[in-house]
Amino acid sequence: MPDMWIRKIEGKEVAVRMRTEADGVALDEPQFDVIFGRDVDAAEASRGIAAGGRAISPYDDMVIDGDYIKAEAQAGRMSEILYAVAIRTASGERTFRAPTEDDHAALRSAEARFADVKDV
């Protein structure tokens, strides 16, 4: 993630805040909170965890070399993380929310179904 912004339109700002621990325990996979408007810290939202082919671990701030990232991706040891869901309100306005367990379950189901039919 080069930054944490979802939408930078003045007055309609939306960003995510990454959490790597809950109740003092490190999470296996980061979780995200969706933050709106005045609650968005622009400096914090502008800081990402990837730039110039390198990344910074959100767990310990260690710099991760781009060659290592590439090797891990090519070996199939990297995956995507759902960090926000775009939705439309009853009035038709587009907004965002944090993913729920139902969202994650739906993605797992879709991935399994795709694996079944991709070569058919």
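Residues numbered from 1 in each chain as written. Predicted model: local features only at pLDDT ≥ 70, side-chain atom pairs only at ≥ 80, totals over all residues. Heavy atoms only, no water.

It is worth spelling out the overall build of the protein chain at this point. When helices and strands are tallied, the protein chain shows three helices and eight strands. Traced from its N-terminal end to its C-terminal end, the protein chain shows the element sequence β-β-β-α-β-β-β-α-β-β-α. Structurally, the protein chain occupies a C-alpha span of about 40 × 40 × 30 Å along its principal axes. Counting over 120 residues, the protein chain shows a buried share of 22%. (Helix = DSSP H or I, 4+ residues; strand = E, 2+ residues; numbered from the N terminus. Buried < 20%, exposed > 50% of the residue type's maximum accessible area, 1.4 Å probe, protein only.)

Mapped onto the elements, Glu44 comes out in helix H1 (residues 42-46). Linking Glu44 and Ala15, residues 29 residues apart in sequence, is a C-alpha distance of 9.3 Å. Leave out the neighbours within four places in its chain, and Glu44 touches Met4 and Arg17. A polar contact is formed between the side chain of Glu44 and the side chain of Arg17, at a distance of 3.1 Å. (Contact = heavy atoms within 4.5 Å. Polar contact = N/O pair within 3.5 Å; in protein donor to acceptor, adjacent residues only side chain to side chain.)

Now for the sheet that holds strand E6 (residues 63-64). The strand order E4-E5-E6 describes an open sheet built from three strands, whose pairing is antiparallel. At either end of the open sheet lies a strand with only one pairing partner, and these are strand E4 (50-51) and E6. Where E4 lies against strand E5 (residues 54-56), two bridges are found, and the strand directions are antiparallel. Opposite Ala51, over in E5, you have Arg54 as the bridge partner. (Pairing = 2+ DSSP bridges.)

Moving on, we get to empty space enclosed by the protein. Applying the stated criterion across every chain, the model contains one cavity of 30 Å³ or more. Approximately 40 Å³ is the volume attributed to the largest cavity. Elements with a contribution of two residues or more to the lining of the largest cavity: strand E2 (14-22) and H1. Top element by residues in the lining of the largest cavity is E2. It accounts for three residues. Of the residues belonging to the lining of the largest cavity, the class tally is five nonpolar, no polar and three charged. (1 Å grid on protein atoms, 1.4 Å probe; cavity = no way out; pocket = protein on both sides within 12 Å on 5 of 7 lines; lining within 4 Å. Points joined across faces, edges and corners; volume = space filled by probe spheres on them. Nonpolar A, V, L, I, M, F, W, Y, C, P; charged D, E, K, R; others polar.)

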